Amino acid sequence: MTEATLRADTRTVHIQWNDGASADYPFIWLRDNGPEGFHADTKERHFDLLSVPVDVAPKAVTLNGGALELDWGDSGGVSRFDMDWLKAHRPGCAFADPAKVAIETWRADLGSSGVPRAHADDVLTNDTALHDWLCATKRTGLSMIEGLADSRDVGIEVARRIGFLRETNFGTTFEVKSKPNPNNLAYTADRLPLHTDLPNQELPPGYQFLHCLANEAMGGGSLFCDGYAVAADLKSDDPAAYDLLSRISIPFRFHDAEYDIRRRHKVIALDDTGAVTEIRFNAHIADALDLPADAIEPYYQAYRRFMALTRDPAYLVTLKLAAGEMVVFDNRRVLHGREAFDPNTGYRHLHGCYVDRGEFDSRLRVLSR
Ligand code: OGA
Ligand code: ZN
């Protein structure tokens with residue numbers, strides 16, 4: 001039988017479910033999360049945490065069908081918790097999150113044929129197809145949409161199926177083609193070594209979409225590498241380099257006539273558990289290293305180690321985008337680049353945009369409801 005017990009000594013309610021699961025819920029946590037403290041429409045908390053002492057205690061606890069009822073006495077009213085909600089929110093256990101897709105790192109053996117593919121019509125019209133494609137894109141950090149009409153709008157339409165676009169100083173969408181007076185190496189015909197876009201931004205853009213409208217020039221093949229795989233291998237092969245790259249921030253800068261956007265970031269970002277959450281690597285917009293003189297050569301040693309790995313064919317997946325295809329990748333994980341092309345041999349034109357990780361994850365959660 002499921003039982004709930006008040007434990008005054010630890011100021012917790014102990015719940016023992018009939019299936020063997022159990023958990024301890026601190027009183028203050030229960031007071032702060034009582035459903036009556038949330039606005040019925042906005043679902044936002046209107047309960048004021050400072051209206052109760054931190055050692056607040058319920059007068060009584062009862063199990064009433066599928067609910068746990070806590071009587072807070074004269075001023076506090078009653079909190080009525082759904083038992084399933086309590087079970088899903090056991091303190092110390094990570095809450096279920098449909099956007100938490102298990103990441104699969106990859107190396108060269110993924111091959112271009114291993115890149116997940118989806119058809120534009122399916123993703124545009126079918127929510128299940130959209131959901132499955134988003135999961136695959138998050139798992140691999142890279143995917144391909146095929147069957148796009150010859151229109152700049154349609155790639156954007158696919159991106160907007162996820163959420164609103166991330167605007168940057170290059171616009172809400174951008175044209176990747178060889179242009180006069182370029183303000184970005186991408187807008188030349190030059191080779192672009194593997195990089196992540198815009199680490200000079202406070203928040204580098206999340207998912208990047210590059211819709212190929214034409215790719216007829218000689219050269220211009222696309223390169224990809226999983227930055228998480230590079231980081232994992234660096235960690236085991238050269239822990240000192242990994243330590244420097246994940247501990248020391250370096251400056252990045254983009255500047256042209258209108259903008260001067262600077263930000264310091266670590267090349268390898270970690271979360272509280274030490275897991276890699278993000279890679280920022282872009283040699284074209286790395287600003288002059290401003291570390292103390294005696295830290296510069298050691299940093300370069302680590303940074304060059306990482307850079308050398310990004311040139312190692314063991315990590316490289318190459319493909320040549322064809323008109324009607326769009327590559328989609330997590331710009332904060334997967335590095336991208338391109339071979340030089342010869343604009344005299346044919347036209348090359350990609351149309352790009354970004355959608356940040358937050359909107360991507362939100363769409364995944366809503367589609368999972
Ligand atoms: C970019 C970029 C790659 C390409 O626009 O950021 O890296 O294939 N483009 O042109
Ligand atoms: Zn780029």
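This is a predicted model, so every value here is computed, not measured. (Residues numbered from 1 in each chain as written. Chains lettered and ligands numbered in written order. Predicted model: local features only at pLDDT ≥ 70, side-chain atom pairs only at ≥ 80, totals over all residues. Heavy atoms only, no water.)

Glancing now at the overall build of the protein. Counting its secondary structure elements, the protein contains nine helices and 22 strands. Overall, the C-alpha framework of the protein stretches about 80 × 55 × 40 Å when taken along its three principal axes. Looking at the 369 residues of the protein, the share that counts as buried comes to 48%. Long-range contacts, defined here as pairs at least 24 residues apart, represent 73% of the contacts in the protein between residues at least 6 apart. Accessible area of the protein: about 18100 Å², with a carbon and sulfur share of 49%. Here the protein contributes 41 positively and 55 negatively charged side chains, and the mean placements of these two sets differ by 2 Å. (Helix = DSSP H or I, 4+ residues; strand = E, 2+ residues; numbered from the N terminus. Buried < 20%, exposed > 50% of the residue type's maximum accessible area, 1.4 Å probe, protein only. Contact = heavy atoms within 4.5 Å. Areas by Shrake-Rupley, 256 points an atom, 1.4 Å probe, with all protein chains shown as cover. Lys, Arg positive; Asp, Glu negative; His and termini not counted. Charge placed at Lys NZ, Arg CZ, Asp CG, Glu CD.)

Turning to the sheet that holds strand E13 (residues 222–226), a few remarks are in order. Strand order in the open sheet formed by four strands is E10-E20-E13-E18, with antiparallel pairing between adjacent strands. Edge positions in the sheet fall to strand E10 (192–195) and strand E18 (316–319), since each of these pairs with one other strand and no more. Going from strand to strand, the sheet's axes swing by 15 degrees on average, the running direction of each strand aside. As paired strands, E13 and E18 are joined by four bridges and run antiparallel to one another. Its bridge partner being in E18, Phe 224 is matched across the sheet by Val 317. (Pairing = 2+ DSSP bridges. Axes fitted to C-alpha atoms, helices over the stretch in contact; angles between N-to-C directions.)

Turning our eyes to something else, we now look at the pairing of strand E14 (residues 249–255). Judged from the seven bridges that link them, E14 and strand E15 (residues 260–266) form a sheet pairing that is antiparallel. When the bridges of E15 are listed, Phe 252 appears paired with Arg 263.

Taken together, Val 176, Ala 186, Leu 192, His 195, Asp 197, Gln 208, His 336, Arg 338, Arg 348 and Leu 350 make up all the residues around ligand 1. Side-chain polar atom of Arg 338 to an oxygen atom of ligand 1: 2.8 Å apart, as the coordinates give it. One of the side-chain nitrogen or oxygen atoms of Arg 348 is found 2.7 Å away from an oxygen atom of ligand 1. Out of a free accessible area of 290 Å², ligand 1 has 96% covered by protein chains. (Near = heavy atom within 4 Å. Polar contact = N/O pair within 3.5 Å; in protein donor to acceptor, adjacent residues only side chain to side chain.)

Here the focus is the nonpolar core. Across soluble globular proteins, nonpolar side chains show a tendency to be buried alongside one another. Ranked by internal contacts, the top residues of the largest apolar core, which has 28 residues, are Leu 245, Val 267, Ile 268 and Phe 306. Only E13, helix H6 (227–237), helix H7 (239–247), E14 and helix H8 (293–310) provide two or more residues apiece to this core. Top contributing element to this core by residue count: H8, with six residues. For Val 267, the contacting residues outside a window of four places in its chain are Leu 245, Ile 250, Glu 278, Ile 279, Arg 280, Phe 281, Tyr 299, Tyr 303 and Phe 306. Grouped together as the second largest cluster of nonpolar side chains are 26 residues, Ala 118, Leu 165, Tyr 207 and Val 355 included. (Core = buried A, V, L, I, M, F, W, Y, C linked by side-chain atoms within 4.5 Å.)

The next point concerns H7. The α-helix advances 3.6 residues per turn, and as a result positions three or four apart in sequence lie on the same side. Among the residues of H7, those classed as buried are Ala 241, Tyr 242, Leu 244, Leu 245 and Ser 246. On its buried face, H7 sits against H6, E15, strand E16 (268–270), strand E17 (276–279) and H8.

All right, on to the coordination of the zinc ion (ligand 2) then. In this structure, His 195 (NE2), Asp 197 (OD) and His 336 (NE2) serve as the protein donors to the zinc ion (ligand 2), at separations of 2.0 to 2.1 Å. Ordering the donors of the zinc ion (ligand 2) by residue number gives the pattern H-x1-D-x138-H. With a gap of 139 residues between them, Asp 197 in the loop between E10 and strand E11 (207–215) and His 336 in strand E20 (residues 334–338) connect regions that are remote in the sequence. The pair Asp 197 / His 336 is uniform in exposure class, with both members buried. (Donors = N, O, S within 2.8 Å, 3.2 Å for Na, K, Ca; no water.)

This structure, assessed with the given rule, holds 22 salt bridges. Residue Arg 247 pairs with Asp 243 through a salt bridge whose shortest N-O separation is 3.0 Å. Within this pair, Arg 247 and its partner Asp 243 are both found in helix H7, separated by four residues, close to a single helical turn. Salt-bridge contacts for Asp 260 lead to Arg 262; the nearest nitrogen and oxygen are separated by 2.9 Å. The structure contains a network of salt bridges with shared partners spanning Arg 117, Glu 146 and Glu 325. (Salt bridge = Lys/Arg side-chain N within 4 Å of Asp/Glu carboxyl O.)

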